[in-house]
Amino acid sequence: FPSHDIDAMVNGDLRHYVGIQIDRLAPLTASTSFMHVDPALKKDSAALAIARSIQLEDGRHGIQIDGVLKWQPRSDKKGKKREVSFMDMEEKIMTICKARNVRKVTFDSFNSAALIQRLHIAGVSTAEMSSSREKQLIYYTLLRDLINQNLIVLPKDSTWTGDLKAELSELIMKPNKQIVHPYAGKDIADAICLAVFNCYGFQVESGIASGVM
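Predicted model only: the values in this text are computed from it and were never measured.

About the criteria used
- Residues numbered from 1 in each chain as written.
- Predicted model: local features only at pLDDT ≥ 70, side-chain atom pairs only at ≥ 80, totals over all residues.
- Heavy atoms only, no water.
- Helix = DSSP H or I, 4+ residues; strand = E, 2+ residues; numbered from the N terminus.
- Buried < 20%, exposed > 50% of the residue type's maximum accessible area, 1.4 Å probe, protein only.
- Contact = heavy atoms within 4.5 Å.
- Areas by Shrake-Rupley, 256 points an atom, 1.4 Å probe, with all protein chains shown as cover.
- Pairing = 2+ DSSP bridges.
- Axes fitted to C-alpha atoms, helices over the stretch in contact; angles between N-to-C directions.
- 1 Å grid on protein atoms, 1.4 Å probe; cavity = no way out; pocket = protein on both sides within 12 Å on 5 of 7 lines; lining within 4 Å.
- Points joined across faces, edges and corners; volume = space filled by probe spheres on them.
- Nonpolar A, V, L, I, M, F, W, Y, C, P; charged D, E, K, R; others polar.

## Looking at the overall build of the protein
Phase 1: A tally of regular secondary structure across the protein gives five helices and 12 strands.
Phase 2: Residues classed as buried in the protein amount to 50% of the 213 residues present.
Phase 3: Long-range pairs, those at least 24 residues apart, make up 62% of the contacts in the protein between residues at least 6 apart in sequence.
Phase 4: Here the protein displays about 10600 Å² of accessible surface, and carbon together with sulfur accounts for 51% of that area.

Here you go:
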């Protein structure tokens, strides 16, 4: 894992909800990036990942995950359950989009409609992606193949590097082709997987990858 250039830390209670604080965001507008957001369902956690195409040392074109962010519900000092702040999530997405050339921000949950609309009004290209069993199989099969070819570069020392390594290492494909994450959860893995899928599609369209999307 190389060093990351987008990272954050868990913030204190924000408007009585859980937020995060970005502590590193290297501006980069020369490269085209793709962001995917796995939104929370009320009391669940949420995550995002941002990916871009890079040229590896061996001359091949790979995909680098520049950063991952995760919002995790927790209990405060009084024992009150704090849910994920969608306002904070929107703010962080906009902050990253201002520093990066983000071609598209995608979401995989029906409850993200309002957020998609607000980002669209702000000039951010957005779309909802299917999270059906068949589509997830396609997404994760591509991610597995690219990892096996050493074409995926993950953050080395992100706040959530441990989480992403655990989630990716514990993925299981059941006999019915369902992708499950039995122990570590799946928020970061899903965000990385779909950000990679969209970035790889861009590589195919640009002629630097030979796959068929």
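From this point, things continue past the structure.
## Some thoughts on the sheet that holds strand β10 (residues 152–153)
Phase 1: Taken together, six strands build an open sheet; the order of strands is β9-β8-β3-β4-β5-β10 and the sheet is mixed. Each end of this open sheet is capped by a strand with a single partner; those strands are β9 (126–128) and β10.
Phase 2: Bridge count between strand β4 (residues 46–55) and strand β5 (residues 61–71): 10 bridges; the pairing is antiparallel. Counted as the bridge partner of A51 is I65 from β5.
Phase 3: Contacts between helix α1 (residues 86–99) and the sheet are confined to β3 (28–38), β4, β5 and β8 (100–107), with β8 contributing the most and set at about 145 degrees to the helix.
Phase 4: Relative to β9, helix α2 (residues 113–121) is tilted by about 160 degrees, and along the sheet it contacts β8 and β9.

## Points about the pairing of β5
Phase 1: Burial analysis of β5 places 10 of its 11 residues in the buried class, the great majority of the element.
Phase 2: The antiparallel pairing of β4 with β5 creates a hairpin that spans five residues between the two strands, and G59 there sits at a positive phi of about 95 degrees.
Phase 3: Here β5 pairs with β10 via two bridges, running parallel. Pairing of I63 across the sheet is with I152, part of β10.

## Regarding empty space enclosed by the protein
Phase 1: Tallied over the entire structure, the rule returns one cavity of 30 Å³ or more.
Phase 2: The wall of the largest cavity is formed by D108, S131, Q136, Y139, Y140, D190 and L194.
Phase 3: Only α3 (133–148) and α5 (187–206) provide two or more residues apiece to the lining of the largest cavity.
Phase 4: Take the lining of the largest cavity: its biggest share by element is three residues, from α3.
Phase 5: Along the lines of polarity and charge, the residues of the lining of the largest cavity split into three nonpolar, two polar and two charged.

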